[in-house]
Every structure is written in structure tokens, then in C-alpha cells.
Amino acid sequence: QLQASGGGLVQAGGSLRLSCAASGRTFSRYVMGWFRQAPGKEREFVAGIRWSGGLTLYADSVKGRFTISGDNAKTTVFLQMNSLKPEDTAVYYCAAGYGTILSMMREIRGYGYWGQGTLVTVSS
């Protein structure tokens, strides 16, 4: 089970930190990802992390502004979002994938477990 939290309303240029708490199983051998879905748009990849080796990936649209990280226990994943823009407004979902290979980390089908989503609204 994945539980996302931390969304809210923020002005452009502001920051938010999303959290995704994992429970019910050990996710240390999974890759973890954040996706987002804006109104009327398809769900898209935002960032991903592979616990083994600490590999991180980012969408070009958030690179340099967002940072994905995890706690030492590998039970919580964070998404630090800085310099937020109105176009970052979306429902953000965390996801976990077992055995997801690198080329699939940016793909929805690379993840088998999904949280319920948390809404981020960035006002201009």
C-alpha cells in the first residue's frame, strides 16, 4: 500500500514536499516513482528512484527544480518541488514497481502499485 501526502495550494515560485509512505510489504527491491496528471491530460512521469545504487531519473520539465529521495529505511519516498510553476498543477501519484528495468522507469506500465494521489495547485 502506498499513501501519498503533502499536496496543497502554493504560489508560483514556492515549494512543496510530497511524501509517499509504503506499508504492507518491503519495497527495498522496488523502484519508486512519481507521476502526475493534470486536468484533461494523460498521466506523465515526473521522477523515479531505484533504491539499489540510488539511481534517479527526472522528466525534462522538472529537472533542476524537483528532487526525489528516500529515507534510509526505504519505506518513504519524497518529492521536493521548488520553483513551482502553474503548469505543475496536477494530481501527483506515487508508484512502486518490482524489478522495473531502467528503460521502463519512465513508463506507467513499469509500476504495479499506485497510491491514491495528492493534489498540487500552483497559482500564478
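Keep in mind the model is a prediction, meaning the values are calculated, not measured. (Residues numbered from 1 in each chain as written. Predicted model: local features only at pLDDT ≥ 70, side-chain atom pairs only at ≥ 80, totals over all residues. Heavy atoms only, no water.)

A. Summary view of the pairing of strand β7 (residues 66–70). Where β7 meets strand β8 (residues 76–81), 5 bridges bridge the pair, whose relative direction is antiparallel. Paired with Phe-66 across the two strands is Met-81, which belongs to β8. As consecutive antiparallel partners, β7 and β8 are separated by 5 residues, and within that stretch Lys-74 has a phi angle of approximately 60°, a positive value. (Pairing = 2+ DSSP bridges. Helix = DSSP H or I, 4+ residues; strand = E, 2+ residues; numbered from the N terminus.)

B. Looking closely at the side chain of Thr-118. You can see Thr-118 is positioned in strand β11 (residues 118–123). At 3.0 Å, the side chain of Thr-118 forms a polar contact with the backbone nitrogen of Gly-7. Each residue touching Thr-118, except ones within four places of it in the same chain, is listed here: Ala-4, Ser-5, Gly-6, Gly-7, Leu-18, Ala-90, Val-91 and Tyr-92. (Polar contact = N/O pair within 3.5 Å; in protein donor to acceptor, adjacent residues only side chain to side chain. Contact = heavy atoms within 4.5 Å.)

C. How the structure looks around the pattern of salt bridges. If you walk through the whole model with that rule in mind, you get 5 salt bridges. A salt bridge links Glu-44 to Arg-36; the nearest nitrogen and oxygen atoms lie 2.7 Å apart. Take Glu-44: its relative accessible area is 36%, and that puts it in the partly exposed class. Using a relative accessible area of 6% as the deciding quantity, one classes Arg-36 as buried. Linked by salt bridges that have partners in common, Arg-36, Glu-44, Arg-65 and Asp-88 make up one network. (Salt bridge = Lys/Arg side-chain N within 4 Å of Asp/Glu carboxyl O. Buried < 20%, exposed > 50% of the residue type's maximum accessible area, 1.4 Å probe, protein only.)

D. Highlighting unusual backbone geometry. In the Ramachandran plot, Lys-74 falls in the positive-phi region, its phi being about 60° despite a non-glycine side chain. Look at Lys-74 and you get partly exposed, because its relative accessible area is 29%. Phi angles above zero are rare outside glycine, and Ser-83 is one such case at about 50°.

E. Fine view of the environment of Leu-9. Mapped onto the secondary structure, Leu-9 falls in strand β2 (residues 8–11). Considering only alpha carbons, one finds Leu-9 and Val-122, 113 residues apart in sequence, at a separation of 5.9 Å. Setting aside its immediate chain neighbours within four residues, Leu-9 contacts Thr-121 and Ser-123.

F. Spatial organisation of the packing of aromatic side chains. With the rule as written, the count across this model stands at 6 aromatic pairs. Ring plane angle 65° and centroid distance 6.3 Å describe the contact between Tyr-111 and Trp-114, whose orientation is recorded as edge-to-face. A residue is classified by how much of its surface remains accessible, and Tyr-111, at 5% relative accessible area, is buried. Members of the aromatic cluster, joined through ring pairs, are Phe-35, Phe-45, Tyr-111 and Trp-114. Taking NZ or CZ as reference, Arg-17 lies 3.9 Å from the ring centre of Phe-78, over its face. Directly above the ring of Trp-114 sits Arg-43, whose terminal nitrogen or CZ lies 5.0 Å from the centroid. (Phe/Tyr/Trp six-rings, centres within 6.5 Å; stacked < 30°, edge-to-face > 60°. Lys NZ or Arg CZ within 6 Å of the ring centre and 35° of its normal.)

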